[in-house]
Amino acid sequence: MKKVLENKYGYFSENFREYVIDDPRTPRPWFNYIWNESYGGLISHTGGGFSFLDTPRDNRLTRMRYNCLPWDRPGRYVIVKDAETNEYWSLSWAPTIDREYKMYECRHGQGYTKIKTEYADIEGEITYFVPRDINAEIWRVKLTNKSKVKKSLEIYSFTELMMGNALNDIINQPNDKHFTDIKFNKDHETLVCTRRYWVLNKKVSVAQPNIDWKYNLLFTQTLPVSGFDGSLDKFIGRWRSEANPETIETGKMNNTEITAGDPVAALQSKIQIDPGESIDYAVIMAVHPKEEGDPFKGLNWGELKKIKFIDQKFDELNSYWDNYIGIVKVETPDEKFNVMSNVWNKYQSAVTFDMARNSGYYHGGLLFGTGMRDQFQDIIGEVIVNPDRVRARLLNALRFQLKDGSTLHNFFKITEWGEKTNHSDTPLWISFGLIEYLNETGDFSILDETVTYYDEGEGTVYEHMARSLDFAISATTERGMPKIMNGDWNDTLDHIGPKGKGETVWGAFFLAYALRKTFELLKHRNDDAALERWQNAYSQLEKVVNEHCWDGEWYLRAFRDNGESVGSNKHKQGKIFLNAQTWSVISGLAPKERADKALNSCKEYLTTPYGMQIVSPSYTEVEDNIGLISRCVPGKKENGAVFNHASSWFVMAAILNNDADGAYEIYSKMLPPNSAKNIDKYETEPYVFAEYVTSPDHETENQASHSWLTGTAVWMYRIGLDHILGLKTGLKGITIQPSIPSHWKEFKVSREFRGKTISVNVKNPKGVNSNIESIIINGMRSESNFIDVDQFDSKEISVEIVLG
């Protein structure tokens with residue numbers, strides 16, 4: 001099989017669907033996700049990670065130790081022991097990392113991870129996945145005896161449990177472990193695990209809610225069970241770790257059932273395997289509500305333990321992802337673009353839709369919950385495939401808006417609590433998300449749905465949107481600039497306006513963009529009053545930013561409470577901010593001459609080998625009246641990193657400003673296979689975007705961090721599809737306007753849209769970027785590049801375009 005874009009630790013499979021790791025000693029743990037709509041987990045290439053139900057803070061199922069050494073512990077482990085030699089080893093490499101394995105291979109796919117190892121003539125293959133319709137995770141195991149003698153093996157499957165509030169487990173573990181119950185059900189050969197106490201405080205508190213954890217967790221394997229343990233201390237033994245449990249070394253389980261102490265789910269089985277023989281079995285961990293009665297009946301336990309049924313569920317999972325990946329198909333001259341656009345960018349977008357910034361190795365699931373601004377952005381990847389899920393998600397998120405139009409900044413499932421931080425941009429993402437949903441679906445009925453406000457009363461979705469924009473318009477200074485309040489999209493600009501006078505220039509551009517994005521909808525609904533009000537607000541913003549915010553070669557970023565500017569050429573540090581320049585173009589507020597200058601200044605001062613730096617020069621001295629940005633180390637995070645989310649907006653702005661070649665140069669640099677060329681410097685997964693890449697302003701230049709859970713994923717996906725390949729959705733249909741690099745001679749793209757499949761074939765014989773010379777739709781020459789799919793009876797719409 002062809003190895004695509006290989007580096008020293010791994011490569012993409014030939015069909016791009018798997019990332020294959022063939023050296024486990026990666027610079028950092030490299031993760032994947034296994035999940036359905038309720039049950040979630042992250043899984044590393046060595047079996048690490050954690051599992052949760054609905055929310056990783058309040059309903060964590062298994063433990064992950066933060067900042068542990070060795071990395072990535074504990075995990076989901078199957079350890080095999082040769083009863084003749086007493087040698088033992090893990091099927092996932094960790095935690096027995098000192099063994100000399102004959103082979104190791106991990107395949108991260110969509111919704112599953114498969115790890116294959118060979119040691120002591122035993123080939124082991126373990127596939128981790130979560131069925132789409134069962135709140136369970138399955139470790140599907142295959143053991144093959146590659147020796148010429150019969151093997152007697154002991155099998156130990158175990159994971160460290162948590163069951164409940166993960167934050168409380170960290171800060172109050174000595175007390176929190178007095179409420180655990182683990183019993184062994186002999187009839188089903190299953191550990192039944194639960195807790196008598198569940199901390200569901202809305203935040204860290206000494207309050208003691210008298211709540212029962214309302215689930216049973218079941219842990220079993222399909223082999224006959226010869227021993228078990230529920231006590232972590234007894235299973236591991238004193239002064240030991242997951243790498244050398246005392247029970248495995250002695251071969252004697254303690255058969256502990258516990259009512260207190262640190263919990264583990266550990267099972268032992270004993271098998272004999274002939275030369276050349278393979279044995280298939282599975283480890284199953286499932287969760288079932290207590291109120292629904294017998295968990296064995298509720299989970300259809302007998303069926304779930306059948307290998308045939310398990311394999312059927314894995315096939316269903318693969319079918320789901322085949323459909324998900326196949327809804328958009330791309331074929332361009334750039335293999336790296338194809339890898340990301342066809343598979344991994346889509347897949348990462350699916351992960352962010354369900355995991356937000358909340359369930360990851362870097363975002364540990366303890367603090368953020370679901371962010372409002374994240375929620376309304378993350379929908380733009382999922383809406384292409386699952387508009388019904390997006391519709392429900394939008395309606396749910398609107399419950400955390402207040403009657404005055406403002407919103408909470410984040411919220412938590414189960415407790416339904418969040419924080420109102422007064423970030424100036426948060427309410428504006430409501431209109432963004434709703435319009436993008438409408439552009440994809442044409443489902444105007446959502447606007448008439450009634451949703452409660454977080455504080456009091458209720459309103460239609462349309463009223464929620466209107467209140468969010470009117471609130472933002474009202475939260476302006478005397479000259480009409482938006483107040484920055486406790487920050488905007490850049491959370492680290494949090495001390496610019498504590499007195500309520502500080503202004504956000506980027507926020508002015510974003511408010512203008514949010515307003516303009518609604519104009520077509522307002523006309524559709526004949527809402528002339530709102531249209532006039534918001535067009536006037538847009539015009540006022542255009543006037544004020546160009547009168548007060550132009551610095552000569554670029555736009556300022558903000559004004560402090562005392563009126564002093566942020567992001568000016570006169571400053572020693574923080575001279576130019578990327579977002580103010582890009583959104584001046586995206587919003588349409590910058591005149592062409594200034595748009596050119598602003599983006600050219602970005603190219604001159606912010607370009608790096610990995611994308612666009614968010615600000616330059618980085619702050620090297622603390623400025624108390626700007627915020628956390630100046631305390632962050634130079635070259636990382638918001639203080640001068642290549643912050644990929646912001647860098648993606650440069651691509652969009654450059655395309656809108658008719659610089660397709662310049663846009664694609666940055667887009668290409670940002671693609672993980674390019675930015676991760678020096679993988680030992682880059683460190684994080686080379687198959688998904690990281691939040692940021694360290695800029696040349698720091699000695700660890702090119703080091704990436706905070707992978708997977710970043711808004712970069714959906715923006716790079718949709719910028720590639722909508723703006724580079726040019727399939728731009730709108731309320732009435734889809735407009736096809738490619739903006740490709742001039743060296744592309746042709747490309748193909750297809751996508752489903754409102755029940756139709758649109759297949760586009762573009763030829764570029766003259767090496768231009770975007771000028772359409774001819775367009776043929778279903779064999780008929782067209783004078784327009786706009787497609788109203790409702791005008792076509794056929795399910796297939798074929799488009800042939802020649803640029804020139």
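It should be noted that the structure appears before, not after, this text.
Treat the numbers as computed from the prediction; the structure is a model and nothing was measured.

1. Concerning empty space enclosed by the protein
Going through the model one piece at a time under the given rule, you end up with eight cavities of 30 Å³ or more. In this structure, the largest cavity spans a volume of roughly 100 Å³. Lining the largest cavity, in full, are R57, N165, L167, N168, I171, V199, N201, K203, V204 and S205. Looking at side-chain class alone, the lining of the largest cavity contains four nonpolar, four polar and two charged residues. If you add up the space inside the second largest cavity, you get close to 80 Å³. Every residue lining the second largest cavity is listed: W35, N36, E37, S38, Y39, G40, F52, D54, D354, M355 and K413.

2. Remarks on the sheet that holds strand β42 (residues 786-787)
Pairing is antiparallel in the open sheet, where three strands are placed in the order β36-β37-β42. Whereas interior strands pair on both sides, the edge strands pair on one side only; in this sheet they are β36 (727-729) and β42. Direction of pairing for strand β37 (residues 734-736) relative to β42: antiparallel, over a ladder of two bridges. For T735, the partnering residue across the bridge sits in β42 and is F786.

3. Side note on the packing of aromatic side chains
Tallying each qualifying case throughout the model produces 60 aromatic pairs. Measuring from centroid to centroid gives 5.2 Å for Y320 and W321, while their planes differ by 85°, and the two rings are edge-to-face. Ring geometry for Y664 and W744: centres 5.3 Å apart, planes at 70°, overall edge-to-face. Taken together, the positions of Y664 in helix α18 (residues 660-670) and W744 in the loop between β37 and β38 (746-753) put the pair 80 residues apart, joining distant regions of the chain. Here the basic side chain of R57 rests over the ring of F412, its NZ or CZ set 3.7 Å away from the ring centre. Positioned above the aromatic ring of Y320, the side-chain terminus of R132 is 3.8 Å from the ring centre.

Parameters and conventions
- Residues numbered from 1 in each chain as written.
- Predicted model: local features only at pLDDT ≥ 70, side-chain atom pairs only at ≥ 80, totals over all residues.
- Heavy atoms only, no water.
- 1 Å grid on protein atoms, 1.4 Å probe; cavity = no way out; pocket = protein on both sides within 12 Å on 5 of 7 lines; lining within 4 Å.
- Points joined across faces, edges and corners; volume = space filled by probe spheres on them.
- Nonpolar A, V, L, I, M, F, W, Y, C, P; charged D, E, K, R; others polar.
- Pairing = 2+ DSSP bridges.
- Helix = DSSP H or I, 4+ residues; strand = E, 2+ residues; numbered from the N terminus.
- Phe/Tyr/Trp six-rings, centres within 6.5 Å; stacked < 30°, edge-to-face > 60°.
- Lys NZ or Arg CZ within 6 Å of the ring centre and 35° of its normal.

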